[in-house]
Amino acid sequence: MTLMNTEEELLSRVPRGLYIDGEWIQTSSTLAVEDPSTGEQLAEVADATADDARAALDAAANAQERWAATAPRERGTILQRAYEEITARTDELAVLMTLEMGKPVAESRAEIAYAADFFRWFAGEAVRIDGRYGLAPNGSSRLLVTKHPVGPCLLITPWNFPMAMGTRKIGPAIAAGCTMVVKPAQQTPLSMLALTDVLERAGLPAGVLNVITSSSASRVMGPLIADPRARKLSFTGSTEVGRKLVEQSAQNLLRLSMELGGNAPFLVFEDADIDQAVEGAMLAKMRNGGEACTAANRFYVHERVIAEFAAKLSVRMAGLKVGRGTEPGVEVGPLIAEVERGKVHELVSDAISAGATATTGGRPIDGPGWFYEPTVLTDVADNARVLHAEIFGPVAPLRSFSSEDEAVAHANATEYGLVAYVYTNDVRRALRLGDRLEVGMLGLNQGIVSNAAAPFGGAKHSGFGREGGREGIEEYLTTRYMAIAL
Ligand code: NAP
């Protein structure tokens with residue numbers, strides 16, 4: 001399939017190169033970016049070496065003191081300008097994101113609005129960094145507590161939300177007065193390069209933001225994690241890689257934020273509005289084609305309502321239009337890569353061989369691109385791997401429960417603890433579950449929790465640290481206290 005002229009033109013406008021100290025630097029080798037809806041090459045971007053990465057940290061370290069001394073209003077104004085430019089360019093940025101990541105353009109637009117919102121939110125937070133002044137209990141001295149930027153940050157982002165996972169880190173880092181080196185995922189570097197261009201136009205000084213694209217994350221980031229000039233690492237990605245990065249950071253005692261994998265339970269109680277629960281399930285499961293850390297991964301439904309829920313969910317899933325994300329009316333795009341599609345199908349096959357029934361879907365779709373049928377599995381055995389692994393695809397496994405205690409036990413029986421969804425009209429039950437579910441976030445009668453004003457983050461092996469909300473900027477600040485004798 002050949003690209004449309006408008007798509008070619010759009011790709012040609014994305015700056016290429018590494019962005020170091022305010023300059024676009026070309027490299028001798030390049031890294032190919034693929035369109036997951038065709039498997040064909042879309043573009044080539046720079047492939048950084050370890051020396052390039054060091055140059056990026058040199059720039060961040062050199063700019064740190066000057067940047068920390070800027071007026072908070074100046075930092076907030078840059079973020080506000082970037083918010084406005086992203087919003088004005090939503091259409092082109094959305095198509096670009098769809099080309100490299102695959103999601104339907106309508107979903108890319110939604111991600112861009114969400115991504116931009118972090119800049120708007122942190123533009124406000126930049127001017128609200130405060131401290132306190134008080135008297136020591138024994139009256140002998142004054143305590144002055146102030147907040148300061150933590151220092152140069154290393155920010156690593158995944159491919160599934162190529163822009164929002166960046167702005168959620170870059171926004172608070174800029175607001176707090178930190179400089180940074182950003183490494184986007186190799187499958188989706190174009191959205192980050194376009195975002196870099198936006199920030200440059202918004203007036204971000206040279207050296208504050210440095211962006212390196214690379215075919216080997218460990219080659220470029222390993223030495224930076226060990227470099228004593230780096231003060232913080234914020235990572236969004238898999239639990240497996242997160243664990244390795246925590247270990248690597250130990251030597252240098254980096255401040256850490258870890259936004260890792262999920263295995264979200266979606267609980268439907270007998271008193272829930274089933275039609276609303278099905279709509280919520282569609283959002284929680286199918287946003288981003290199921291390739292979200294917040295995706296509902298396991299559906300536990302009360303035995304009295306599971307037949308109705310399964311039937312209605314199957315009809316909705318079967319009716320989804322699958323196709324290239326740039327085509328009109330498409331609701332589900334391809335998975336990111338052939339190997340990822342293979343993993344999804346293995347989980348489905350394993351569940352079926354353990355007794356589950358696919359009421360709709362259950363197979364990869366033939367033809368170019370990495371498409372998979374929206375799938376509902378019923379009667380899924382407790383030991384089926386699909387209930388324990390992150391599916392990252394359009395597959396909804398269902399299992400019944402008969403009591404609240406049983407539902408809670410299932411929900412908590414996982415190493416992960418990012419988010420849970422609960423559908424019930426019993427307010428006391430809802431509040432009880434708020435206490436009992438071991439998660440960082442809970443969607444009550446709604447299938448989406450992401451919001452720039454809320455503290456996003458997980459418990460257990462879903463990581464630690466929070467992005468967004470009033471908590472988000474704290475991750476980029478360090479506390480200093482002066483003891484004062486008058
Ligand atoms: P991933 O394989 O862990 O990769 C994430 C990022 O880390 C990429 O930029 C990757 O670079 C880089 N990376 C990989 N190995 C590295 C290493 N040894 N040193 C330094 N960097 C390294 O995850 P993914 O497949 O891109 O993303 C999917 C995962 O992210 C899922 O588990 C999902 O749940 C999680 N996620 C979590 C959240 C959250 O907020 N909790 C949000 C979105 C996604 P390359 O691209 O070069 O491999």
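This one's a predicted model, so the numbers in the text were calculated from it and none came from an experiment.

### Brief notes about the environment of Ala 176
- Mapped onto the fold, Ala 176 is located in helix α6 (residues 164–176).
- As for Ala 176 and Arg 128, which are separated by 48 residues in sequence, their C-alpha atoms are 9.9 Å apart.
- Contacts of Ala 176, omitting those with residues within four sequence positions, involve Arg 75, Ile 129, Pro 149, Ile 473, Tyr 476 and Leu 477.

### Observations concerning the site of the ligand
- Surveying the vicinity of the ligand reveals 29 residues, the closest of which are Thr 157, Arg 168, Ser 238, Leu 260 and Glu 390.
- Between the ligand and the protein, one listed contact pairs an oxygen atom with a backbone N or O atom of Gly 237 at 3.3 Å.
- In this structure, an oxygen atom belonging to the ligand sits 3.4 Å away from a side-chain N or O atom of Glu 259.
- Taking a 2 Å distance to the grid points as the criterion, the majority of the atoms of the ligand fall inside the largest pocket.
- At the level of elements, α6, α8 (217–225), β10 (232–236) and α9 (239–250) are the ones that each hand at least two residues to the shell around the ligand.
- When the residues that make up the shell around the ligand are grouped by side-chain class, the tally is 16 nonpolar, nine polar and four charged.
- When residues of the shell around the ligand are assigned to domains, at least three map to each of domain 1 (7–260 + 463–485) and domain 2 (264–451).

### With respect to the state of the cysteines
- Using the criterion set out here, one finds zero disulfides in the structure.
- Take Cys 153: it sits in no disulfide, and the sulfur closest to it among the cysteines is that of Cys 178, at 4.0 Å.

### Examining the environment of Glu 8
- Among the secondary structure elements, Glu 8 is positioned in helix α1 (residues 5–12).
- Take Glu 8: its relative accessible area is 43%, and that puts it in the partly exposed class.

### So, the sheet that holds strand β18 (residues 419–423)
- Overall, mixed pairing links the seven strands, which are arranged β14-β15-β16-β13-β12-β18-β19 in an open sheet. Each edge of the open sheet is held by one strand with a lone partner, namely β14 (357–360) and β19 (441–444). The sheet shows a mean angle of 25° between the axes of neighbouring strands, taken without regard to direction.
- Relative to β18, strand β12 (residues 264–268) runs parallel, the two being bridged by three bridges. Pairing of Leu 267 across the sheet is with Val 422, part of β18.

### What to know about the domain arrangement of the protein
- The domain boundaries assigned to the protein delineate domain 1 (7–260 + 463–485) and domain 2 (264–451).
- Spacing between the C-alpha centres of domain 1 and domain 2 amounts to 31 Å.
- Tallying the contact residues gives 27 residues for domain 1 and 28 residues for domain 2.
- Buried surface at the junction of domain 1 and domain 2, summed over both partners, amounts to about 2,100 Å²; 55% is from carbon and sulfur atoms.
- Applying the counting rule to domain 1 against domain 2 returns three salt bridges.
- The tally of links from domain 1 across to domain 2 stands at 11 residue pairs in polar contact (both at pLDDT 80 or more).
- Elements supplying a minimum of two residues to the side of domain 1 that touches domain 2: β3 (30–35), α4 (90–101), α5 (105–126) and α9.
- Here the side of domain 1 that touches domain 2 gets five residues from one element, more than from any other, and that element is α4.
- Tallied by class, the residues present in the side of domain 1 that touches domain 2 amount to 10 nonpolar, nine polar and eight charged.

### Quick notes on the layout of surface pockets
- Of the volumes computed, that of the largest pocket is approximately 1,200 Å³.
- Lining the largest pocket are 46 residues, and of these Trp 159, Gly 237, Ser 238, Glu 240 and Val 241 lie nearest its centre.
- Secondary structure elements with two or more residues in the lining of the largest pocket: α8, β10, α9 and α12 (338–353).
- A per-element tally of the lining of the largest pocket places α9 first, with seven residues.

### Some remarks on the pattern of salt bridges
- Enumeration over the complete set of coordinates arrives at 36 salt bridges.
- Among the ionic pairs, Asp 51 bridges to Arg 54, the shortest N-O distance being 3.0 Å. Of this pair, Asp 51 and Arg 54 both sit in helix α2 (residues 50–68), separated by three residues, roughly a single helical turn.
- One salt bridge connects Arg 429 with Glu 270, and the closest N-O pair in it is separated by 3.7 Å. Placement of the pair is Arg 429 in helix α14 (residues 427–436) and Glu 270 in the loop between β12 and α10 (274–286), with a sequence separation of 159 residues.
- On the basis of relative accessible area, Glu 270 is assigned to the partly exposed category, the value being 28%.

### Focus on helix α7 (residues 189–201)
- For α7, with 13 residues, the first-to-last C-alpha span of 19 Å sits near the 18 Å given by 1.5 Å per residue.
- A large share of α7 lies buried, amounting to 11 of its 13 residues.
- Within α7, burial applies to Pro 189, Leu 190, Ser 191, Met 192, Leu 193, Ala 194, Leu 195, Thr 196, Asp 197, Val 198 and Leu 199.
- Trailing α7 by a residue or two, Gly 203 shows a phi angle of about 100°, which is positive.

### A look at the packing of α4 against α5
- The N-to-C vectors of α4 and α5 enclose an angle of 120°; their axes lie 8 Å apart at closest approach. Crossing handedness for the pair α4 and α5: right-handed. Each of Thr 90, Asp 91, Leu 93, Ala 94, Val 95, Met 97 and Thr 98 in α4 lies in contact with α5, whose residues at this interface are Val 105, Ser 108, Arg 109, Glu 111 and Ile 112.
- Considering only residue class, the contact of α4 with α5 consists of six nonpolar, three polar and three charged.

Parameters and conventions
Residues numbered from 1 in each chain as written. Predicted model: local features only at pLDDT ≥ 70, side-chain atom pairs only at ≥ 80, totals over all residues. Heavy atoms only, no water. Helix = DSSP H or I, 4+ residues; strand = E, 2+ residues; numbered from the N terminus. Contact = heavy atoms within 4.5 Å. Near = heavy atom within 4 Å. Polar contact = N/O pair within 3.5 Å; in protein donor to acceptor, adjacent residues only side chain to side chain. 1 Å grid on protein atoms, 1.4 Å probe; cavity = no way out; pocket = protein on both sides within 12 Å on 5 of 7 lines; lining within 4 Å. Sits in = over half its atoms within 2 Å of the grid points. Nonpolar A, V, L, I, M, F, W, Y, C, P; charged D, E, K, R; others polar. Domains from an automatic or database assignment. Disulfide = S-S within 2.5 Å. Buried < 20%, exposed > 50% of the residue type's maximum accessible area, 1.4 Å probe, protein only. Pairing = 2+ DSSP bridges. Axes fitted to C-alpha atoms, helices over the stretch in contact; angles between N-to-C directions. Buried area = accessible area lost by both parts, 1.4 Å probe. Salt bridge = Lys/Arg side-chain N within 4 Å of Asp/Glu carboxyl O. Points joined across faces, edges and corners; volume = space filled by probe spheres on them. Expected span 1.5 Å × (residues − 1). Left-handed = near helix turned anticlockwise from the far one by under 90°.

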